[in-house]
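Listed here are the chains, written in short residue letters.
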Amino acid sequence: MHANLTRAELLRAHNYIGGQWLPAASGEQLAVVNPATGAIFAHVADSGAADALAAVDAAQAAFGSWRARSGRERAQLLKRWHALILANQEDLARIISTEQGKPLAESRGEVLYGASYVEWFAEEATRTYGDLIPEPVRGRKLMAVKEPVGVVAAITPWNFPLAMIARKFAPALAAGCTVVAKPAEDTPLTALALVRLAEEAGLPPGTINIVSASRERTPEVVDVWLADSRVRKITFTGSTPVGKHLARESAGTLKKLSLELGGNAPFIVFEDADLDAAVEGLMVSKFRNAGQTCVCPNRVFVQASVHDAFVHKLGERVSALRVGPASHEASQIGPMINARAVEKIERHVQDALAHGARLVVGGKRLDAAQVSGTPGAAGHYYAPTVLAHANTSMALAQEETFGPVVPVFRFSTEAEVIRLANDTPFGLAAYFYSRDAARVWRVADQLETGIVGINEGALAAEAAPFGGVKESGYGREGSRHGLDDYQHIKYLCQGGLL
Ligand code: SIN
């Protein structure tokens, strides 16, 4: 399978370290598979400890001169990178779709979404203000200035292979940090293409370094970064167990951490809601990337008096979704990323049915050859599914399903649904629909999440602070707060001024 690129050289097979494209020191390679067909799409480096160390050496060597540049100089390079991302939008979208599986329209949207972080932080690079503090003692001047933390290690997921790298690289570089990165084993090609464009934009050698690695070798790479005291920060998007591991293991060198971890988002529909708007909001938020996002609703709570009408409308919309490979322009739901993902969805659906759920629509694997019309295709498809009569004894009430499955729970009172919504260790996103202004403020106030969608299912924006509470992690990406995670504050006290 090839991605029909205008610029084939955007498909990189090697690591980028210190301004050079290099194979893994061991010479090992990792196959990248198209999840729509099961076919191998390309090979990249399967890196190990030596590559990880070389990346830190390069990032550390580049740090001094990068941080010494003015914010405006850094901004100019980021703006050039932003322009190149936009100029290569179609190729980048095709790479995303081929290795990740999402429909092309979504991949095009992801390129714009990722690019918006680069533009935003290019602008923020010139605005890293400090404070001049009114002196408590005469004859002194007190100041607080912001400094880059140093070398940042970015570990990124497969579900948004471009946007998640962009929203970590851009603030790090804007703040004056240099970066070592490891993209997800399933989707390294988008990240490598993005780095190729950064090289073309003129980012100095060593400012961005990237190594790809298989699932098996990833711990070797990450352990080097965890142990190296020159790495001053880790930024990670992925699962809560891995986030906890990184927090524990980075304690030895007390690194700064940003952790964007798992969610178990509630989506609440009150009886005073605009039901059509709520169904629309759920479709947008739940089926983005086929349900493979950390913020997508995992538990849908509908108030008893509107429950049946809501389930009916939802069932109609979900059964009309078109499942297919990205190579079909009409596809709305692509394949799951790999076989393990489908197995988890199947387990959740079977468990829900065994605990009393009623299947409204879907509930089965789909044959890849049939879905794609390509004999022999071996992709990982699951039918968009709605389950009614969900209850808290089901596995899908506790764990993120990460697939196109909507379990609908019935509730009676506001107090009950707040308790149910917060009854999870996670706290990334929550959504609710209501037209009662007093209820809107009451509920938004009580939901224990970092992000709340109020009568809105599409929350993503570079101008907004993205991040969770509880076991969904800490740190914020995007917004004017996004640079803080890559900076520390230095206090300067000058005396002898009388
Ligand atoms: C994620 O799923 O981790 C990111 C989703 C988003 O940026 O909206």
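Thresholds, definitions, all that
- Residues numbered from 1 in each chain as written.
- Predicted model: local features only at pLDDT ≥ 70, side-chain atom pairs only at ≥ 80, totals over all residues.
- Heavy atoms only, no water.
- Near = heavy atom within 4 Å.
- Polar contact = N/O pair within 3.5 Å; in protein donor to acceptor, adjacent residues only side chain to side chain.
- Areas by Shrake-Rupley, 256 points an atom, 1.4 Å probe, with all protein chains shown as cover.
- 1 Å grid on protein atoms, 1.4 Å probe; cavity = no way out; pocket = protein on both sides within 12 Å on 5 of 7 lines; lining within 4 Å.
- Sits in = over half its atoms within 2 Å of the grid points.
- Nonpolar A, V, L, I, M, F, W, Y, C, P; charged D, E, K, R; others polar.
- Points joined across faces, edges and corners; volume = space filled by probe spheres on them.
- Helix = DSSP H or I, 4+ residues; strand = E, 2+ residues; numbered from the N terminus.
- Contact = heavy atoms within 4.5 Å.
- Pairing = 2+ DSSP bridges.
- Axes fitted to C-alpha atoms, helices over the stretch in contact; angles between N-to-C directions.
- Parallel < 35°, antiparallel > 145°, perpendicular 65-115°, else oblique.
- Left-handed = near helix turned anticlockwise from the far one by under 90°.
- Phe/Tyr/Trp six-rings, centres within 6.5 Å; stacked < 30°, edge-to-face > 60°.
- Lys NZ or Arg CZ within 6 Å of the ring centre and 35° of its normal.
- Buried < 20%, exposed > 50% of the residue type's maximum accessible area, 1.4 Å probe, protein only.
- Right-handed = clockwise from strand over helix to strand, strands pointing away.
- Core = buried A, V, L, I, M, F, W, Y, C linked by side-chain atoms within 4.5 Å.

(A) How the structure looks around the site of the ligand. Close contacts around the ligand come from 13 residues, with Y113, R167, E260, R288 and C294 the closest. Within the side chain of Y113, a nitrogen or oxygen atom sits 2.7 Å from an oxygen atom of the ligand. Side-chain polar atom of R288 to an oxygen atom of the ligand: 2.9 Å apart, as the coordinates give it. Considering the ligand on its own, with 260 Å² of exposed area, one finds that the protein chains cover 100% of that surface. Assessed atom by atom at 2 Å from the grid points, the ligand resides in the second largest pocket. When the residues that make up the shell around the ligand are grouped by side-chain class, the tally is seven nonpolar, three polar and three charged.

(B) View of the layout of surface pockets. Approximately 1,100 Å³ is the volume attributed to the largest pocket. Residue lining of the largest pocket: 36 residues in total, with W158, F236, G238, S239 and V242 positioned closest to the centre. Those elements that place two or more of their residues in the lining of the largest pocket are α7 (218-227), β10 (231-237), α8 (240-249) and α11 (339-354). When residues in the lining of the largest pocket are grouped by element, the largest group, five residues, is from α8. Residue composition of the lining of the largest pocket, grouped by class: 15 nonpolar, 13 polar and eight charged. Residue lining of the second largest pocket: 42 residues in total, with E106, V284, S285, R288 and A458 positioned closest to the centre. Within the residue set of the lining of the second largest pocket, elements represented by two or more residues are α4 (104-124), α5 (163-175), α9 (275-287) and β21 (451-454). At six residues, the largest contribution of residues to the lining of the second largest pocket is made by α4.

(C) Examining the side chain of N15 more closely. Note on placement: N15 falls in strand β1 (residues 15-17). A polar side-chain atom of N15 sits 2.8 Å from a polar atom in the side chain of S47. For N15, the residues in contact, after removing those within four places along its chain, are Q20, W21, L22, A24, A45, S47, D51, I210, V211 and S212.

(D) Representation of the sheet that holds strand β5 (residues 131-133). The three strands lie next to each other as β5-β6-β24, forming an open sheet whose pairing is antiparallel. In this open sheet, the two edge strands, each paired with only one partner strand, are β5 and β24 (487-494). Neighbouring strand axes in the sheet, compared pairwise and without regard to direction, differ in orientation by 25 degrees on average. Summarising the sheet, β5 and strand β6 (residues 141-148) pair through three bridges and their orientation is antiparallel. Along β6, the bridge assignment pairs I133 with L142.

(E) Main features of the packing of helix α3 (residues 89-100) against helix α6 (residues 188-201). Where α3 contacts α6, the axes come no closer than 8 Å and their chain directions differ by 160 degrees. In terms of orientation, α3 and α6 fall into the roughly antiparallel class. Of the two possible hands of crossing, α3 and α6 adopt the one that is right-handed. Across the interface between the two elements, L92, I95, I96 and E99 from α3 touch P188, L189, T190, A193, L194 and L197 from α6.

(F) Geometry of the sheet that holds strand β14 (residues 358-361). Taken in spatial order, the seven strands of this open sheet run β14-β17-β18-β13-β12-β20-β21, and their pairing is mixed. Every interior strand has two partners, whereas the edge strands, β14 and β21, have only one. Recorded for the sheet is a direction-independent mean angle of 20 degrees between the axes of neighbouring strands. Note that strand β17 (residues 385-388) and strand β18 (residues 405-411) share three bridges and pair parallel. From the neighbouring strand, L387 faces β18, where its bridge partner is P407. Against the sheet, α9 touches β12 (265-269), β13 (297-303), β18 and β20 (429-433), its axis set at about 165 degrees to β12.

(G) Geometry of the packing of aromatic side chains. Scanning the entire structure with this criterion turns up nine aromatic pairs. An aromatic cluster of at least three residues, connected via ring pairs, comprises F267, Y431 and Y433. Note that R12 overlies the ring of W21, its terminal NZ or CZ placed 4.4 Å from the centroid. Cation over ring: K233 sits above Y486, and NZ or CZ is 4.7 Å from the ring centre.

(H) Representation of the pairing of β10 within the structure. With six of seven residues buried, β10 is to be regarded as a mostly interior element. Across five bridges, strand β7 (residues 151-155) lies against β10 in parallel orientation. When the bridges of β10 are listed, A153 appears paired with I234. Pairing of β10 with strand β11 (residues 256-260), which is carried by five bridges, proceeds in the parallel orientation. Across the sheet, residue T235 finds its bridge partner in β11, namely S258. Taken together, β10, α8 and β11 form a β-α-β motif whose crossover is right-handed.

(I) Region of interest: the packing of helix α14 (residues 414-422) against helix α15 (residues 437-446). Packing of α14 against α15 leaves a shortest axis separation of 10 Å and a crossing angle of 30 degrees. Classified by the interaxial angle, the pair formed by α14 and α15 is roughly parallel. The chirality of how α14 crosses α15 is right-handed. For the pair α14 and α15, the contacting residues are E414, I418 and N422 in the first and R439, R442, V443 and Q446 in the second. Class assignment for the residues of the contact of α14 with α15 results in two nonpolar, two polar and three charged.

(J) Spotlight on the nonpolar core. In this structure, I268, V269, F310, L314, V318, V406 and L447 are the most contacted members of the largest nonpolar core, which totals 64 residues. When residues of this core are assigned to their parent elements, the largest contribution, six residues, is made by α9. The contact partners of V406, leaving out residues within four places of it in the chain, are L282, K286, F287, V300, L314, T385, V386 and L387. By size, the runner-up hydrophobic cluster in this structure holds 63 residues, among which are W21, L162, A181 and L197.

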